[in-house]
Amino acid sequence: MIRIAAVALLLLLAVSLDSTSVHRKKHVKCNSTAYPPDPDTELPWYNVSLDTPARDRWTPLVSQYKGHIQKMVGQIVHLVRFIDIDHWIVDIINEEGPKILQGAPQDFIDEIEGVAAASEMPLGEIVLLNIFYEVFSACTSIVTETSEGTHIHGRNLDFGLFLGWDFTNHTWAMSETLRGMIVNLNMTRDGETVYKQTTIVGFVGILTAVKPGLSISINERFILNGGYAGLIEWIRGDHDQAWTTWLPRQLMDSDASFDAAVSALQGTRLLSPVYYIVSGTGPDQGAIITRSRGKNDDSYFLSSPDRWYILETNYDRWKSPFFLDNRRYPAQKCMNESSVTSVTPGSVYNVLSTSPVLNRLTVYTTLMDPHSGTLRSYRQNCPSCYIW
């Protein structure tokens with residue numbers, strides 16, 4: 001039995017925010033002063049060695065953040081049990097956790113098991129944690145190409161929508177917890193950095209990553225044949241599909257070029273639908289790849305000088321966004337106040353810091369440079385912003 005309370009909350013919030021959705025569209029004031037951000041908000045850096053056996057490579061970091069992981073898992077389990085009063089979902093996850101991992105790449109299995117051991121959490125609940133990050137994140141990603149041929153790849157990660165509203169502090173409880181779990185990583189091999197990423201401790205896929213020549217960010221896509229259907233098929237033995245956030249990690253850990261990465265992201269069967277936003281370093285090397293589980297629905301590329309930026313939130317570009325979540329229009333409006341000759345990392349950061357592109361769900365903003373393979377990420381917290 002599924003409680004209707006969650007649906008009622010959704011409808012209540014929708015009705016209460018109906019008037020503000022109009023305000024969002026007509027009265028956008030672009031932020032011009034957010035950059036440079038406060039240095040204290042820059043995320044901490046850690047090294048993870050790919051030379052270390054997969055089961056052990058996350059242990060030092062996970063041990064340090066064990067309390068945060070346990071708190072986040074507790075919030076997720078509490079939410080699931082609230083929605084599912086018969087508790088069968090969590091019970092299945094705990095019982096079937098090892099089965100969910102069957103058929104996955106061995107490194108993926110070993111890393112998940114290592115995270116569970118280091119965090120002293122049941123394996124099934126760490127699997128659940130990773131699944132939640134695959135299907136409950138909302139984002140904004142932008143790729144630009146300047147008149148000088150350089151590329152800027154920016155993104156906001158929003159997480160926690162309808163996952164526990166704190167009526168006392170007027171915040172999303174999971175977003176608050178997550179802000180204490182986000183870090184920057186140098187993924188190394190033989191003492192050299194292979195790629196950099198911004199991630200959530202305990203999560204083994206990739207949401208935001210860069211190496212020289214390639215950057216990738218991932219935005220959730222909401223369609224009916226979503227990740228739940230893929231997960232059920234996976235449990236039933238259909239392993240001829242890739243985990244949405246593990247595929248980019250495999251690409252980052254290879255010598256894949258922009259073209260090779262785009263081809264793989266377009267053509268690989270996936271566990272869940274997604275938007276892949278990709279940047280290279282050559283002319284017009286920027287793409288939004290709109291994926292359903294079984295096929296590529298659309299690929300939209302930079303085309304300079306007219307299409308000097310591409311922008312994705314969580315809605316198909318040929319459709320209007322959900323009227324209560326129109327981050328696309330404000331972001332486009334503010335990007336259009338710049339130009340191919342004047343856009344800078346700072347101006348992209350300012351766009352990503354404009355409400356409602358920045359909102360109470362936003363946990364970090366990242367700027368990536370695929371030419372140098374550098375990444376800068378900053379913790380975000382905007383109590384005065386829209387609730388999403």
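Scroll up a little and you will see the structure.
Only a predicted model underlies this, so the values are computations on that prediction, with no experimental measurement involved.

A. Expanded view of the overall build of the chain. Looking only at helices and strands, one finds 13 helices and 15 strands in the chain. For the chain, the proportion of its 388 residues judged to be buried stands at 56%. Contacts in the chain between residues at least 24 apart in sequence constitute 70% of all its contacts with a sequence separation of at least 6. Taken as a whole, the chain presents about 15,800 Å² of accessible surface, with 55% of it coming from carbon and sulfur.

B. Spotlight on the nonpolar core. Counting 75 residues, the largest nonpolar core has Trp58, Ile126, Trp243, Tyr276 and Val278 as its most contacted members. The element best represented in this core is helix H4 (residues 66–83), accounting for seven residues. For Tyr276, the contacting residues outside a window of four places in its chain are Ser217, Ile218, Thr244, Leu247, Pro248, Leu265, Leu270, Ala287, Ile288, Ile289 and Arg291. One finds Ala34, Val348, Leu367 and Tyr378 within the second-largest nonpolar core, a separate group that totals 20 residues.

C. Spotlight on the environment of Tyr46. You can see Tyr46 is positioned in strand E1 (residues 45–49). Expressed as a C-alpha distance, the spacing of Tyr46 and Pro60, which sit 14 residues apart in the sequence, is 10.0 Å. When residues no more than four places from it in sequence are discounted, the contact partners of Tyr46 are Leu61, Gln64, Tyr65, Val183, Asn184, Leu185 and Asn186. Only 3.0 Å separates the side chain of Tyr46 from the side chain of Gln64, close enough to count as a polar contact.

D. Here's a closer look at the pairing of strand E8 (residues 208–211). Where burial is concerned, the two faces of E8 agree: the one with Thr208 and Val210 and the one with Ala209 and Lys211 are both buried. In terms of strand pairing, strand E7 (residues 192–200) meets E8 through three bridges, oriented antiparallel. Paired with Gln197 across the strands is Ala209, a residue of E8. As paired strands, E8 and strand E9 (residues 214–220) are joined by four bridges and run antiparallel to one another. If you follow Ala209 over to E9, its bridge partner there is Ile216. Linkage of E8 to E9, two consecutive antiparallel strands, is achieved through a turn of two residues, within which Gly213 is found at a positive phi near 100°.

E. Structural view of the packing of aromatic side chains. Under the criterion given, the structure shown has nine aromatic pairs. Their ring planes at 70° and their centres at 4.9 Å tell us that Trp308 and Tyr309 sit as a pair that is edge-to-face. Of the two residues, Trp308 and Tyr309, neither departs from the other in class, the shared state being buried. Plain terms: the ring middles of Phe322 and Phe323 are 5.1 Å apart, the flat faces sit at 75° to each other, and that makes the pair edge-to-face. Exposure remark for Phe322: the relative accessible area of 39% places this residue in the partly exposed category. Exposure remark for Phe323: the relative accessible area of 45% places this residue in the partly exposed category. One aromatic cluster is present, formed by Phe108, Trp234, Trp243 and Trp246 through successive ring pairs.

F. Region of the structure containing the pairing of strand E15 (residues 374–379). Two elements, strand E14 (residues 362–369) and E15, share six bridges in a ladder whose sense is antiparallel. Note on E15: the bridge partner recorded for Tyr364 is Arg379.

G. Broad picture of the state of the cysteines. Per the stated rule, a full pass over the model turns up two disulfides. Here Cys30 engages in a disulfide with Cys334; their sulfurs sit 2.1 Å apart. Measuring the twist about the S-S bond at about -95°, one finds the Cys30-Cys334 disulfide to be left-handed. A residue pair is termed long-range when its members are at least 10 positions apart, and Cys30 in the loop between helix H2 (18–26) and E1 and Cys334 in helix H12 (residues 328–336) qualify at 304 residues. One exposure class covers both Cys30 and Cys334, and it is buried. By sequence order of its bonded cysteines, the chain has the disulfide arrangement 1-2, 3-4.

H. Structural context of the sheet that holds E9. Reading across the sheet, the eight strands line up as E1-E6-E7-E8-E9-E10-E11-E12 and stay open at both edges, with mixed pairing between neighbours. The open sheet has two free edges, formed respectively by E1 and strand E12 (296–301), since each of these has just one partner strand. On average, adjacent strands in this sheet sit at an angle of 20° to one another, irrespective of strand direction. As paired elements, strand E6 (residues 182–189) and E7 share eight bridges and run antiparallel to each other. Among the inter-strand pairings, Arg189 is bridged to a residue of E7, identified as Glu192. The sheet strands contacting helix H11 (residues 258–267) are E9, strand E10 (274–279), strand E11 (286–291) and E12, and the helix crosses E11 at an angle near 15°.

I. Main features of the side chain of Thr177. Inspection of the secondary structure puts Thr177 in helix H8 (residues 173–179). Engagement of the side chain of Thr177 in a polar contact is seen with the side chain of Gln75, the distance being 3.0 Å.

J. Region of interest: unusual backbone geometry. The residue after Ser304, namely Pro305, is reached through a cis peptide bond having omega 5°. Looking at the secondary structure, you find Pro305 in the loop between E12 and strand E13 (309–312). A cis geometry characterises the amide bond from Ser355 onward to Pro356, with omega recorded as 10°. Phi at Glu120 takes a positive value of approximately 60°, unusual for a residue other than glycine. By the secondary structure assignment, Glu120 is in the loop between helix H6 (106–119) and helix H7 (123–135). Here Glu120 falls in the exposed class, since its relative accessible area comes to 56%.

Cut-offs used in this document
Residues numbered from 1 in each chain as written. Predicted model: local features only at pLDDT ≥ 70, side-chain atom pairs only at ≥ 80, totals over all residues. Heavy atoms only, no water. Helix = DSSP H or I, 4+ residues; strand = E, 2+ residues; numbered from the N terminus. Buried < 20%, exposed > 50% of the residue type's maximum accessible area, 1.4 Å probe, protein only. Contact = heavy atoms within 4.5 Å. Areas by Shrake-Rupley, 256 points an atom, 1.4 Å probe, with all protein chains shown as cover. Core = buried A, V, L, I, M, F, W, Y, C linked by side-chain atoms within 4.5 Å. Polar contact = N/O pair within 3.5 Å; in protein donor to acceptor, adjacent residues only side chain to side chain. Pairing = 2+ DSSP bridges. Phe/Tyr/Trp six-rings, centres within 6.5 Å; stacked < 30°, edge-to-face > 60°. Disulfide = S-S within 2.5 Å. Axes fitted to C-alpha atoms, helices over the stretch in contact; angles between N-to-C directions.

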